[in-house]
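Here's the letter readout for the chains.
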Amino acid sequence: ANIFQYSTYAQNIIEDFDNLPVDKSKPKPRVGVVGEIYVKFHPSANNHINELIEKEGGEVVTSGLLDFFLYCAMDSTYRAKHLDGTWLSGFFGSLAREALELYRLPYAKAVAASKHFDPLQRMTKVAKEAAHYIDLGNQCGEGWFLTGDMIDLIEKGAKQVVCLQPFGCLPNHVSGKGMVKTLSEAYPDVRIAAIDYDPGSSAVNQANRLKLLLATMFE
């Protein structure tokens, strides 16, 4: 009964958004936002980057918080097969991933049937796409998910992508900033900018880097 109520509730919310009037005379370019989990989601940590993107005329697209936990669950499965993880840890990782996918299934079905929302990708598919460019053994921090997240948003129409990380965050500099050239070659019409966030960094410089990227939105 709870799952049914949850499914109905999700469908009603999506339908309400679908029925809102939309001005399609001024299409907004899609801008993907990826990065280290805290900087990506906390407005104070990223100096309200979503608001700035919208102010400049872009539409923010990003993955949800649950995707990060799905990525973590997949890591134990990989470690059990290729590294030092145990069969039991791999089994529980797969079990946790499927449980989370089942939990969000009503929502996934609702957005898949909507007129405006992007369909959700299973984490196994995100991993498969990422594996073309980076080994899934990259599991520190956001690891391979950072690369997979960028690919997923690019495939959903984001021609500009910003990759956010704390200053000196080595894992994100490898699987995020370090993949900019590779992904730019694979998607030549996409612009990717890596922005470092640190208490000692200038918010003006961060905003200028973002605005420089967004200047290409309407070309």
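Relevant structure appears above.
If you're wondering where the values come from, they're calculated on a predicted model, not measured in any experiment.

**Student:** Would you explain the overall build of the protein in this entry?
**Tutor:** Secondary structure summary: the protein contains eleven helices and four strands in total. Here the C-alpha radius of gyration of the protein, 18 Å, is about what a compact globule of 219 residues would show, namely 17 Å. Each principal axis of the C-alpha atoms in the protein carries an extent, and together these give about 50 × 45 × 35 Å. By the burial criterion, 42% of the 219 residues in the protein qualify as buried. In the protein, once contacts between residues fewer than 6 apart in sequence are set aside, the share between residues at least 24 apart is 71%. Roughly 12400 Å² of accessible area belongs to the protein as shown, and the carbon and sulfur atoms make up 59% of that amount. The average position of the 22 basic charges and that of the 26 acidic charges among the side chains of the protein differ by 3 Å.

**Student:** Please clarify how the nonpolar core should be interpreted in this entry.
**Tutor:** The tendency in soluble globular proteins is for nonpolar side chains to be buried as a group. Counting residues in hydrophobic clusters, the biggest one holds 30 residues, and the most contacted among them are V34, M123, W144, M150, V161 and I192. Contributing elements (two or more residues each) for this core: α4 (65-82), α7 (123-130), α8 (143-155), β3 (160-166), α10 (180-186) and β4 (191-197). Among the elements that make up this core, the one with the highest residue count is α8 (seven residues). Not counting residues up to four positions away in its chain, the partners in contact with V161 are G32, V34, M150, I154, V190, R191, I192, A193 and L213. In this structure, L52, I53, A193 and L213 belong to the second largest nonpolar core, which totals 16 residues.

**Student:** Sorry if this is basic, but what is going on with the pattern of salt bridges here?
**Tutor:** Pairing between side chains of opposite charge can happen when their charged atoms approach one another. Applying the stated rule across the entire model yields ten salt bridges. Across the pair D67 and R104 runs a salt bridge, and its minimum N-O distance is 3.4 Å. Here the residue D67 occupies a position in helix α4, and R104 occupies one in the loop between α5 (87-103) and α6 (105-112), the gap between them amounting to 37 residues. Across the pair, exposure class does not vary: D67 and R104 are buried alike. The salt bridge partner of R97 is E98, with a shortest N-O separation of 3.6 Å. According to the relative accessible area criterion, R97 is buried, its value standing at 10%. The network of salt bridges with shared partners includes R30, E59 and D118.

**Student:** Any chance you could explain the sheet that holds β4 here in plain terms?
**Tutor:** Note: strands within a sheet are paired through backbone hydrogen bonds, in either parallel or antiparallel orientation. Judged by pairing direction, the sheet is parallel, and its four strands sit side by side in the order β2-β1-β3-β4 without closing on themselves. Of all strands in the sheet, those bounded by a partner on one side alone are β2 (59-61) and β4. Here the average twist between neighbouring strands, direction ignored, is 25°. Strand direction decides the pairing type here: strand β1 (residues 30-35) and β2, joined by three bridges, are parallel. Within β2, the residue paired with V31 across the bridge is V60. α8 contacts β1, β2, β3 and β4 of the sheet and is inclined by roughly 170° relative to β1.

About the criteria used
- Residues numbered from 1 in each chain as written.
- Predicted model: local features only at pLDDT ≥ 70, side-chain atom pairs only at ≥ 80, totals over all residues.
- Heavy atoms only, no water.
- Helix = DSSP H or I, 4+ residues; strand = E, 2+ residues; numbered from the N terminus.
- Rg over C-alpha atoms; globule rule 2.2 N^0.38 Å.
- Buried < 20%, exposed > 50% of the residue type's maximum accessible area, 1.4 Å probe, protein only.
- Contact = heavy atoms within 4.5 Å.
- Areas by Shrake-Rupley, 256 points an atom, 1.4 Å probe, with all protein chains shown as cover.
- Lys, Arg positive; Asp, Glu negative; His and termini not counted.
- Charge placed at Lys NZ, Arg CZ, Asp CG, Glu CD.
- Core = buried A, V, L, I, M, F, W, Y, C linked by side-chain atoms within 4.5 Å.
- Salt bridge = Lys/Arg side-chain N within 4 Å of Asp/Glu carboxyl O.
- Pairing = 2+ DSSP bridges.
- Axes fitted to C-alpha atoms, helices over the stretch in contact; angles between N-to-C directions.

Purely geometric stuff here, so don't read any function into it on its own.
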